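One-letter residues, chain by chain:
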Amino acid sequence: MRGAVIHAPGDVRFETLDDPKILKSTDAVIRTAVTCVCGSDLWPYRGAEPIGDPHPMGHEYVGFVEEVGSEVTSVKPGQFVVGSFATSDNTCANCRNGFPSNCLHREFMSACQAEYVRIPDAQGTLVATDEVPDEEMWPGLLAVSDVMGTGWWAADAAEVRPGSTAVVVGDGAVGLCAVIAAKERGAERIIAMSRHASRQRLAQEFGATDIVTERGEEGVARIKELTGGIGADSVLECVGTGEAMRQALHSARPGGNVGFVGVPHEVAIDGQELFFSHAGLRGGPAPVRRYLPDLIDRVLTGRISPGKVFDLILPLEQVAEGYKAMDERRAIKALLKP
């Protein structure tokens, strides 16, 4: 098969790889319907994370089951499935407590920008749709496998409630999906922090009521101005930088909550500052599998349209251009078609 391999910062190639095989009785192999490039893939692409030896890339996927191991009974060949970027058996204590992305047998998917993918712990990781969805639904379902599920986790972790005010820090695909999540969870006011016109428009389409272009302390001051001087009930941090985290914490009101879902890079939190802020802080890898049935239904019924974050569609063989376009902010998110 063919798939994406990263060799060095800025160097992603489309290469011939070994076909995935069933290695354990709990595995499945799927044929990729569509996949994509994630904002978190840009960390190694930009040299902010070590790459080591050349290796496959990608952790978002939907597709058709080709083969299953002997212990897999929840899905069967021919079905269309959606999975999470973190595998889960869905039976361990952490899974039962609602955190399948911290499953005791978790593996992080890392080779999904390819024509075929092996899915460990397929019984717990994959969710099949009742029928094969129309192709126009595939982008939305692909978004559910990570960015929509992660945006939902940001809203959940920040305890967005009906009638509340929510601030979304970050206007990438996760941030934009977090706007959807905040609206679905009943936020009355949703303030999106964005400096890019196309992303601002999409945020407003998804439900943002206000746009704040300022950053840093100026951004915090603007949030305070919009919230009667105290800050927001919920702040959804969807970037992962130290600046974004500081902005998020300072934008929350006393007693408010921050949900942080951006993979942290050079993020340090001052204990005294957090202590006296009275803000709650929760985050981590999104428990996407917990949300899959609900989010899949919201997409298939047309209640949400997270697939709109894909503003660049490319054949899989042009995966390098997808990385480049996102790195240069010419695209929010690149969808790849095998």
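The structure under discussion appears in the preceding block.
Chemist: Could you give me a rundown of the side chain of Asp121, with the residues and numbers involved?
Modeler: Here Asp121 is to be found in the loop between β7 (116–119) and α3 (122–125). Within the buried set, Asp121 has no salt-bridge partner at all; the shortest N-O distance to an opposite charge, 7.1 Å, is to Lys24. Excluding its chain neighbours within four sequence positions, the residues that come into contact with Asp121 are Thr26, Asp27, Thr87, Ser88, Asp89 and His105.

Chemist: So, the state of the cysteines: which residues are in play, and what are the values?
Modeler: Per the counting criterion, the structure on display carries 0 disulfides. A disulfide-free cysteine, Cys38 has its sulfur positioned 6.9 Å from the sulfur of Cys36, the nearest such atom. Free cysteine: Cys177, not disulfide-bonded; nearest cysteine sulfur from Cys238 at 9.2 Å.

Chemist: How would you explain the packing of helix α8 (residues 216–226) against helix α9 (residues 242–251) if you had to name every residue and give the values?
Modeler: Two numbers describe a pair of packed helices, the interaxial angle and the distance between the axes. Close contact between α8 and α9 brings their axes to 9 Å; oriented N to C, the two are set at 25 degrees. Relative to α9, the element α8 lies roughly parallel. Crossing hand, α8 versus α9: right-handed. On the side of α8, the interface is formed by Gly216, Glu217, Val220, Ile223 and Lys224, while α9 contributes Glu243, Gln247, His250 and Ser251. Taken together, the residues of the contact of α8 with α9 sort by class into 2 nonpolar, 4 polar and 3 charged.

Chemist: How would you sum up unusual backbone geometry? Please name residues and give values.
Modeler: Backbone geometry places Glu266, a non-glycine residue, at a positive phi of 55 degrees. Tracing the sequence through the fold places Glu266 in the loop between β13 (252–260) and α10 (271–277). Classification of Glu266 as exposed rests on a relative accessible area of 79%. Positive phi outside glycine occurs at Arg329, with the angle close to 60 degrees. By the secondary structure assignment, Arg329 is in the loop between α12 (319–327) and β16 (334–337).

Chemist: Break down the nonpolar core for me, with residues and values.
Modeler: Among the nonpolar cores identified, the biggest contains 57 residues, and Met148 and Leu236 are the most heavily contacted of them. The element best represented in this core is helix α6 (residues 173–184), accounting for 9 residues. Excluding its chain neighbours within four sequence positions, the residues that come into contact with Met148 are Ala143, Cys177, Ile180, Ala181, Leu295, Ile304 and Pro306.

Chemist: For helix α7 (residues 197–206), give the residues involved together with the corresponding values.
Modeler: When α7 is considered as a whole, its buried residues turn out to be Arg199, Gln200, Leu202, Ala203 and Phe206. Axial view of α7: buried residues confined to an arc of 165 degrees, hence all on one face. At its buried positions, α7 is contacted by α6, β10 (189–193) and β11 (210–212). Residue Gly207 follows α7 closely and has a positive phi angle near 130 degrees.

Chemist: Before we move on, could you go through the pairing of strand β5 (residues 61–68) and cite the residues and values that matter?
Modeler: Successive side chains on a regular strand alternate, one facing one side of the sheet and the next facing the other. Strand direction decides the pairing type here: strand β3 (residues 28–36) and β5, joined by 7 bridges, are antiparallel. The residue of β5 that forms the bridge with Val34 is Val62. Here β5 pairs with strand β6 (residues 80–82) via 3 bridges, running antiparallel. For Phe64, the partnering residue across the bridge sits in β6 and is Phe80.

Chemist: Before we move on, could you go through the pattern of salt bridges and cite the residues and values that matter?
Modeler: A complete count under the given rule lists 20 salt bridges for this structure. Across the salt bridge formed by Asp327 and Arg46, the nearest N and O atoms sit 2.6 Å from each other. Here Asp327, found in helix α12, pairs with Arg46, found in the loop between α1 (42–45) and β4 (55–56); they are 281 residues apart in sequence, far enough to count as distant. Assessed through its relative accessible area of 28%, Asp327 is described here as partly exposed. When salt bridges that share partners are traced, they join Glu184, Asp294, Arg298 and Arg303 into one network.

Chemist: I'd like a description of the sheet that holds β11, backed by residues and values.
Modeler: In space, the 6 strands of this open sheet follow the order β11-β10-β9-β12-β13-β14, with parallel pairing throughout. With partners counted over all chains shown, the strands left at the sheet margins are β11 and β14 (280–283), one partner each. Taking the axes of each pair of neighbouring strands and ignoring which way they run, one obtains an average angle of 20 degrees across the sheet. As judged from the 5 bridges shared by strand β12 (residues 232–237) and β13, these two strands associate in the parallel manner. Note that in β13 the partner of Ser234 across the bridge is Asn257.

So, how was this worked out
Residues numbered from 1 in each chain as written. Predicted model: local features only at pLDDT ≥ 70, side-chain atom pairs only at ≥ 80, totals over all residues. Heavy atoms only, no water. Helix = DSSP H or I, 4+ residues; strand = E, 2+ residues; numbered from the N terminus. Buried < 20%, exposed > 50% of the residue type's maximum accessible area, 1.4 Å probe, protein only. Lys, Arg positive; Asp, Glu negative; His and termini not counted. Salt bridge = Lys/Arg side-chain N within 4 Å of Asp/Glu carboxyl O. Contact = heavy atoms within 4.5 Å. Disulfide = S-S within 2.5 Å. Axes fitted to C-alpha atoms, helices over the stretch in contact; angles between N-to-C directions. Parallel < 35°, antiparallel > 145°, perpendicular 65-115°, else oblique. Left-handed = near helix turned anticlockwise from the far one by under 90°. Nonpolar A, V, L, I, M, F, W, Y, C, P; charged D, E, K, R; others polar. Core = buried A, V, L, I, M, F, W, Y, C linked by side-chain atoms within 4.5 Å. Arc of directions from axis to C-beta. Pairing = 2+ DSSP bridges.

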